[in-house]
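Fold and contact review
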Amino acid sequence: MEIDNLNTSGKANKLIHESSLYLRQHASNPVDWHPWGEEALSKAKAENKPLLISIGYSSCHWCHVMEHESFSDVEVADFMNRNFVNIKIDREERPDLDQLYMEAVQLLHGHGGWPLNCFALPDGRPFWGATYFKKSQWLEVLDQIISIYTTEPHTLLDQAEKISSGIGQMNLVIAAGSENKPVNFDPAVLYKKLADSFDKELGGFSGAPKFPMPTIYRFLLHYNVVSRNNSSLKHVILTLKRMAAGGIYDQVGGGFARYSTDRYWKVPHFEKMLYDNAQLIVLYCEAYLLSKEEKLRDTAIETIAFLEREMGSPETGFSSSVDADSPEGEGSFYTFSLDELNELLGVDAQMLIDYWKAGKEGKWEGNKNILLATVELDSFLAGNQLDKAKFDQKLQSARSILLEYRNKRPAPAIDPKIITSWNALMVQAYVNLYRVRGNSEYLDSAKQLASFILDRLGDESGGLLHVDDKGKSIAAFLDDYAATILALISLHSSSFEEKWALKAAELAESAITQFYNDENGLFYFSGTRNEKTFALRQEIHDNVMPASNSMMMESLYLLGQIFENDRYLNIAQRAVFGMAESILKHPSAFSNWARLLLMMQKPFYTFAITGNNANDHLTELLQEFSPQMLIAGERNESQLPILRNRFKRDETLIYVCSGNECYPPVKTPAEAMKYLK
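This write-up is about the structure you can find in this document. Going along each chain's sequence as written, the residues are numbered from 1 onward. In view of the model being predicted, local features appear only for residues whose pLDDT reaches at least 70, and side-chain atom pairs are presented and counted only at 80 or more, with totals across whole chains, interfaces and linings using the full set of residues. Side-chain figures throughout are based on the complete set of non-hydrogen atoms in the structure, without hydrogens or water.

Points about empty space enclosed by the protein
To keep things clear, this is the line we draw: Grid points spaced at 1 Å over the protein atoms alone were grouped into cavities, where a 1.4 Å probe fits but cannot get out, and pockets, open sets with protein on both sides within 12 Å along at least five of seven lines, with lining residues defined by an atom within 4 Å of a point. Grid points are joined across faces, edges and corners, and a volume is the space filled by probe spheres set on the points. Think of it this way: any DSSP run of H or I at least four residues long counts as a helix, any run of E at least two long counts as a strand, and we number them from the N terminus.
Enumeration according to the criterion identifies three cavities of 30 Å³ or more in this entry. Its volume calculated, the largest cavity comes out at about 740 Å³. Forming the walls of the largest cavity are 34 residues, and the residues nearest its centre are R218, E286, Q428, R435 and E554. Contributing elements (two or more residues each) for the lining of the largest cavity: α9 (214-227), α11 (274-291), α17 (420-437), α19 (478-495), α21 (548-562), α24 (591-601) and β18 (629-634).

Digging into the state of the cysteines
Where we set the bar: Defined by distance alone, a disulfide is two cysteine sulfur atoms within 2.5 Å. Think of it in three bands: residues with accessible area under 20% of the maximum for their type are buried, residues over 50% are exposed, and the middle band is partly exposed, with areas taken using a 1.4 Å probe on protein chains only.
Using the criterion set out here, one finds two disulfides in the structure. The residue that forms a disulfide with C60 is C63, at a sulfur-sulfur distance of 2.4 Å. Where C60 bonds to C63 through sulfur, the torsion about that S-S bond is close to 80°, and the disulfide is right-handed. Residue C63 is classed as buried on the basis of its relative accessible area, which comes to 2%. In this model, C657 is linked to C662 through a disulfide, with the two sulfur atoms separated by 1.9 Å. Because the torsion about its S-S bond is 105°, the bridge between C657 and C662 counts as right-handed. Relative accessible area serves as the criterion here: at 7%, C657 is assigned to the buried category.

Topic: the pattern of salt bridges
Our working rule: The working definition used for a salt bridge is a side-chain nitrogen of Lys or Arg within 4 Å of a carboxyl oxygen of Asp or Glu.
All told, the structure shown has 36 salt bridges when counted by the stated rule. A salt bridge links K192 to D196; the shortest N-O distance between them is 3.2 Å. Measuring nitrogen to oxygen at the nearest pair gives 2.9 Å for the salt bridge that ties D415 to K417. The burial state of D415 is the same as that of K417; both residues are buried. Shared partners join several salt bridges into a network, and the residues in it are D90, E92, D415 and K417.

Rendered as structure tokens:
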């Protein structure tokens, strides 16, 4: 990154030496920014100055706005430099710090977001914070903070102690459950609480903005399977189709933006995050397996094509995000004028303009258009006297022309940071694409990416690192372990290669050692190898990504089946049953936990397949979406407990078990599936 202006001292600030793209984006600010670390904390203590801690990420639109309006302003910078020790944090690089300061702001205001601006004592304990400010507001806040810090320091000390205590209390919400006391509950109650907020016309949930929430929709798919309630499936399909037809989805290049600012899925902030797109591929694939709606499968395929084209590869890992802003303004990279569309698309221009609703519903700022796909495709095709095959051919040709054209524009920046947990989600995306397509290249890609994670993002002890960003070494957090373990389990269940299951168990043991708190049955987000902070926290709320604890409990529950390990099962069941009260009250905030509660309360089946034709049977079973089923297998002898002593030469057998009951082995997938159906 080039430094185009220097700070008030005539030099770039200390962020110039950082590997994080977000931090380096602020290296030329006149603010005397420091990275988080002992140097900044010691300076604050020595000079008795409060900390001003500003947190964001490289693809955050409002982070860029505040940087331009305030942090690049000499007047603002001068006040900040004289009165504070200023720290910039990349939330993706340090999610542990981001979560602590975010919880402080949520305690104060009931909500949070980015940019996140916190004020703290020299030891790091926060006493006040908020999100975005305009310049005039920001100067007022700075003046008020420093006035109170100078004249009433005891007030801020009391506030810091209350907030730190509050963060501690937020993370003691779980009552220790018992693995032997399942919860009596009606899943329909959970569904109704969610359904009451559905936008039944446009999909998703009522109101705006609208965020894709894969954890909630995966629960709804799971609920459909165990309850046969087709209304839940119908709402997921409606939502996924509307999203794929909206401006939140890149109609030219594929891939989803972070969220829609309106209820119509039309106008996004244009950042694209790896974790969103990886999870949405899984969701679209699972919905396809249930519905066989080709649009869902095709959207997943287009999304992986976008990720491979713009964000990385299985051999080298995937970058974290694409910026919301383009050099020529937010959205300018993705939008088109009618003149451009007419000039580029030739004889088919008007038909495609109508299909993409340009000049009508797609009209945006000035002469720009956000392309929106026509949902009512059959009537559109009839009106244009086209069959679907011919139209698809024209549409793909037009998309290629527009993609080539827009690639000549100044492009939004890509953050090259490679995050372990997000890449592990990509492994699961590839596995699910393999399930819906049967294309071995997707499975090979899943294996390559898993190997990359274990090799490049593994540490010397056999554990994991959190990030690969130009050699910066940060020990992995709980979400990195949980997501990676789940990825390895999915790889074993789709390839029958024993090594993935064995490595998953090894990582689970490491996670238990580093993060587990036996007193309340949950895992800390930071472990014994992570930097110590002013408070320990346990992440329990499912958000756009599942909570690290709910992912970890799912991984232990599945490993408990593969390794017949009661310890793993007991840890998982204790936590999930202990969370039941919270799940039943607030299913939208605990949707992945809710999925686990279904998994544990309904009959759960293991399919152990051995023999020469094991992989052929696997291929057939992978076409089923059965969230109450775990598949393990091997063509030969295996030492995995679930497969031990089940191999018979010259026979391929499927052993189906549920709980402590196993049924007589069968020889075909169809016979095995009868136990589930």
